[in-house]
Each structure stands twice: as C-alpha cells, then as structure tokens.
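So the chains spell out like this:
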Amino acid sequence: MFEFLKNIMNNEDSTSNTNLNSSVHRILKTDIKKVPNPQEDEIIFGCGCFWGAEKCFWKLPGVVTTSVGYAGGGKNNPTYYEVCSGLTGHSEVVRVIWDKNEIDISDLLKMFWECHDPTQKNRQGNDTGTQYRSAIFYKNENNKKIILASKEQYQIELNKKNLGLIKTEIKMIENYYYAEQYHQQYLASAGSRQYCSASPTKVKLGNFAGSNYKLKDYIWDNFNWEVDKCVLRSDNKPIKNNI
C-alpha cells in the first residue's frame, strides 16, 4: 500500500498549489476547515484507515462537512509517513461537523461503533499499527457523558454475541492536524483505489442513556454490515433525509 500511496503523492506534487490547498469538500461542497457555528458541533473518530471511515460519515444527512487527519499524538503537523512510522502517537481520524438540528451525536456514535470493530487493538482488519487504533476524540466536554454511555451500551451488545472488550481510546484533545490533500475524500477522487480495512462486528447499537436519534430507519437501511465492504459498494452521494 505504501508504493501505491507514493504514486499518488508524486502525482499530487505535479499539480497546482491551488489544488493542494483546496479546502472544498469533493462531495458536500463545504469548507472542510470550517469552524462550527453555534448550531453545529464537531467530533473526531478513529475507525482504522480514514478513507472508508470518512465516506461513512459524509453520507449521513445533517453532516455539514468532513475531513481526514491525524490526532491523539504528540507531534505537531505530522506527515502521513511520520504517522505510519508509529512514532508520533497519532491516529488516522475523521473530523465531523454536524448540524445539531438535523442529526444528533447519538446518530454519529451509532455509525462509529457499527462501522468498524472496536475490539481490535491497534489495528483494523489487514491494517496494523497504532495509527489504525479505534478512537473518539472530543473537544466539547459536554459530549463526554453520552460518548461513554454509548460505549457502555455497545459493550453490552457485544457481550450478547460473545465478542471481545472494547479497546477504543476516548479522550478530550485540543489539536487536530489535516491530512494531505490527496487523502481528503479520497474514495471520491478520480482513479482512487477502492480500499477499506474496516471489519464491522455486525452488532447494532440501540437506545442508550442520553440517546436522541434523529435519523430514521430508512437512512440506516443504506448500511448493511452483513454485506462485505458495503460502504465501498455504495455511491458517494449523501443520503437524503425525507422528513
């Protein structure tokens, strides 16, 4: 996979600075570097390789913008290669900004727990290393309680299936570093390699303390975790909320 990414990087080097510095979301056409307004909030998820994880979230109605980057470690402005070395302490992550009137944080947490296997430590599927660890990084202290409540409930559901203990790292952070331009909405870019290492447990998260789901069942019907790589098989368009 490293050789494949080297080719992408070499191609990116030959493009214009305007393209490299673009902050417009390929699909949502919003600013991936925007600061949330009072009606919005942000959270950062680590679900293994950030390519497929980002697509999971940009498809949800009510999500304003997404980006991929690095967080949870100690080095400022790390590069992809530095993060892959395992020496920075950073994880590959997805930053999500959402409209609180259209989608609830409990919907985002449902997607997070269901779209990967949080019982795997420092890996996801074929991808191994601390950069692929399961993580929830939050900036708003008010979100801590509901995050922990969702984890507790999902562990109960996993126990019913005799699956393992959740290894997800959960902590408040200050810094998030945007990944290189070629990683942003990668699966929607021309000629992209349709790759995703996520290994969903196929266990669903139901109601939990503090949950206030706003997305209806027909939205979640678009994500059939029984189908291998279901997100890769879907188109890139956001799902419409037919309220």
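By convention here, each chain's residues receive numbers from 1 onward along its written sequence. In keeping with the predicted nature of the model, local features appear solely for residues at pLDDT of at least 70, side-chain atom pairs appear and are counted solely at 80 or more, and the whole-chain, interface and lining totals rest on all residues. Where side-chain values are given, they derive from all heavy atoms of the structure, hydrogens and water being excluded.

*Asks:* Can you lay out the overall build of the protein for me, pointing to particular residues and giving the numbers?
*Replies:* Strands are runs of DSSP state E lasting at least 2 residues, helices are runs of H or I lasting at least 4, and numbering of each runs from the N terminus. Looking only at helices and strands, one finds eight helices and eight strands in the protein. Values of the radius of gyration come from C-alpha atoms, whereas the globule rule sets the reference at 2.2 Å times the count of residues to the power 0.38. Taken over the C-alpha trace, the protein has a radius of gyration of 17 Å; the compact-globule value for 243 residues is 18 Å, and the two agree within 12%. Counting only C-alpha atoms and orienting by the principal axes, one finds that the protein spans roughly 50 × 35 × 35 Å. Think of it in three bands: with a 1.4 Å probe and only protein chains considered, a residue is buried below 20% of the maximum accessible area for its type, exposed above 50%, and partly exposed in between. When each of the 243 residues of the protein is scored for burial, the buried share is 52%. Whether two residues are in contact is decided by their heavy atoms: any pair within 4.5 Å suffices. For the protein, long-range pairs separated by at least 24 residues make up 80% of all intrachain contacts whose partners lie at least 6 apart in sequence. Surface summary for the protein: the accessible area is close to 11,400 Å², and the carbon and sulfur share equals 46%. Accessible surface area values rest on a Shrake-Rupley calculation with a 1.4 Å probe, where residue burial reflects the displayed protein chains alone.

*Asks:* Which residues make up the sheet that holds strand 3 (residues 91-99), and what are the values?
*Replies:* Here the rule is simple: two strands pair whenever DSSP picks up at least two bridges between them. An order of 7-6-1-3-2-8 is seen for the six strands of this open sheet, with the pairing classed as mixed. Each edge of the open sheet is held by one strand with a lone partner, namely strand 7 (169-172) and strand 8 (176-178). The sheet shows a mean angle of 35° between the axes of neighbouring strands, taken without regard to direction. Note: strand 1 (residues 40-47) against strand 6 (residues 134-138), five bridges, orientation antiparallel. Paired with isoleucine 43 across the bridge in strand 6 is tyrosine 138. Here an axis means a line fitted to C-alpha atoms, over the contact stretch when the element is a helix, while the angle between two N-to-C directions is reported on a 0 to 180 degree scale.

*Asks:* Mind laying out the side chain of threonine 66, listing which residues take part and the relevant values?
*Replies:* Tracing the backbone through its elements, the reader meets threonine 66 in strand 2 (residues 63-71). A polar contact of 2.8 Å, which involves the side chain of threonine 66, links it to the side chain of histidine 25. For threonine 66, the side chain forms a polar contact with the side chain of glutamate 54, separated by 2.9 Å. Each residue touching threonine 66, except ones within four places of it in the same chain, is listed here: His25, Leu28, Ile32, Glu54, Phe57, Trp58, Val94, Arg95, Val96 and Gln185. Within 3.5 Å is the distance limit for a polar contact, defined as a pair of N or O atoms, with the added protein rule that one can donate a hydrogen and the other accept it, and that residues adjacent in sequence qualify only through two side-chain atoms.

*Asks:* For the pairing of strand 1, give the residues involved together with the corresponding values.
*Replies:* Of all the eight residues making up strand 1, eight are buried; the element is thus mostly covered by neighbouring parts of the structure. Direction of pairing for strand 1 relative to strand 3: antiparallel, over a ladder of six bridges. Along strand 3, the bridge assignment pairs glutamate 40 with aspartate 99.

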